[in-house]
Amino acid sequence: NGNVESSTTQSKYLTSSMYFDGTGDYLSCGALGHNLNVGQNTIEMWIYPTNVSSNEPALFEFYTDDGNNFRLQIYTGGGYSGDLRLLTRVSNGSNNIETAGASVVSANSWQHIACVRNSSNYWDVYVDGTKVITGNFAHSFDTTNVDFRVGKVEYGTDRYFEGYMSDVRITKGLARYTSSFTPPTAALQG
């Protein structure tokens, strides 16, 4: 959606990456046909944000029109810049929010992000192999038939990622990372 494009301006281990200009660009992947909010699962990617100081840019979200969502975004509100926020929201307006410490995401550099579900209700988020969030989410949000979006969250004003992404990978049924780790040193496989 928008004008997401392949770019050779920045790349990690491949010859190009996806470029998002921050104004309407995102990938809509449709429903994945699997509830990632049960069992063990991993969502990971390499990101090279060019702006982490405004617009609360999105990394990914599972979104429904009824107000339910599960998302990971870079938090920039309240004077923060470069925090990560993992959030579930349900249609009655209640939220579960877990936020990492200040400035865990930097502009103009490649960083590996991994969001891992390893046990009941718990999601961990790693930046470059270091755990920055452990979220205990009481909401049972079923992602089976929900649109998976990369680079956008829809909440009031849409928030779009600005920069480059590479190697977005979802692993069903496996928590690839359960403690601190060295980020991948080659393009992601399988």
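Structural data are supplied above this passage.
Residues numbered from 1 in each chain as written. Predicted model: local features only at pLDDT ≥ 70, side-chain atom pairs only at ≥ 80, totals over all residues. Heavy atoms only, no water.

Some points on the overall build of the protein chain
Formally: Each helix corresponds to a stretch of at least 4 residues labelled H or I by DSSP, and each strand to a stretch of at least 2 residues labelled E; elements are numbered beginning at the N terminus. What makes two residues a contact is simply this: any of their non-hydrogen atoms within 4.5 Å. Each accessible area value is a Shrake-Rupley result obtained with a 1.4 Å probe; residue values ignore everything except the protein chains displayed when judging cover.
A tally of regular secondary structure across the protein chain gives zero helices and 15 strands. A sequence separation of at least 24 residues applies to 63% of the contacts in the protein chain between residues at least 6 apart. If you sum the accessible surface of the protein chain, you get close to 7,900 Å²; carbon and sulfur atoms cover 42% of it.

Focus: the pattern of salt bridges
Proximity of charged atoms lets side chains of opposite charge pair with each other. What counts, and what does not: Should a side-chain nitrogen of Lys or Arg be within 4 Å of a carboxyl oxygen of Asp or Glu, the pair is scored as a salt bridge. Exposure categories follow from relative accessible area, calculated using a 1.4 Å probe and restricted to protein chains: below 20% of the type maximum is buried, above 50% is exposed, and the middle band is partly exposed.
Per the stated rule, a full pass over the model turns up seven salt bridges. The residue E44 makes a salt bridge to R169 at a minimum N-O spacing of 2.6 Å. On the criterion of sequence distance, the pair formed by E44 in strand β4 (residues 41-49) and R169 in strand β15 (residues 162-172) is long-range, its members being 125 residues apart. By the burial criterion, E44 is buried, and R169 matches it. Close ionic contact of D158 with K152 constitutes a salt bridge, the shortest N to O distance being 3.6 Å. Here K152 falls in the buried class, since its relative accessible area comes to 5%. Several salt bridges converge on common partners, so that one network encompasses E44, R169 and R176.

A few points about the side chain of Q111
Stated precisely, the cut-off is as follows: The term polar contact refers here to a pair of N or O atoms within 3.5 Å; inside protein, the definition further demands a hydrogen-donor-capable atom paired with an acceptor-capable atom, and it admits residues adjacent in sequence only when both atoms are side-chain atoms.
Looking at where Q111 falls in the secondary structure, it is placed in strand β9 (residues 111-119). The exposure class of Q111 is buried, given its relative accessible area of 5%. There is a polar contact of 3.1 Å between the side chain of Q111 and the backbone oxygen of V104. At 2.8 Å, the side chain of Q111 and the backbone nitrogen of S106 are in polar contact. The residues contacting Q111, other than those within four sequence positions of it, are M45, W46, I47, V104, V105, S106, V127 and D128.

Considering the nonpolar core
The following threshold applies: Note on terminology: a nonpolar core comprises buried Ala, Val, Leu, Ile, Met, Phe, Trp, Tyr and Cys residues joined through side-chain atoms within 4.5 Å.
Among the nonpolar cores identified, the biggest contains 29 residues, and I43, L59, F60, F62, L84 and I113 are the most heavily contacted of them. Secondary structure elements with two or more residues in this core: β4, β5 (58-63), β6 (69-75), β7 (83-89), β9, β10 (122-127) and β12 (147-150). When neighbours within four sequence positions are excluded, F62 is seen to be in contact with L32, L36, I43, N68, N69, F70, F141, T143, V146, D147 and F148. By size, the runner-up hydrophobic cluster in this structure holds six residues, among which are V116, A175, Y177 and F181.

Interpretation in functional terms is not warranted from these geometric data alone.
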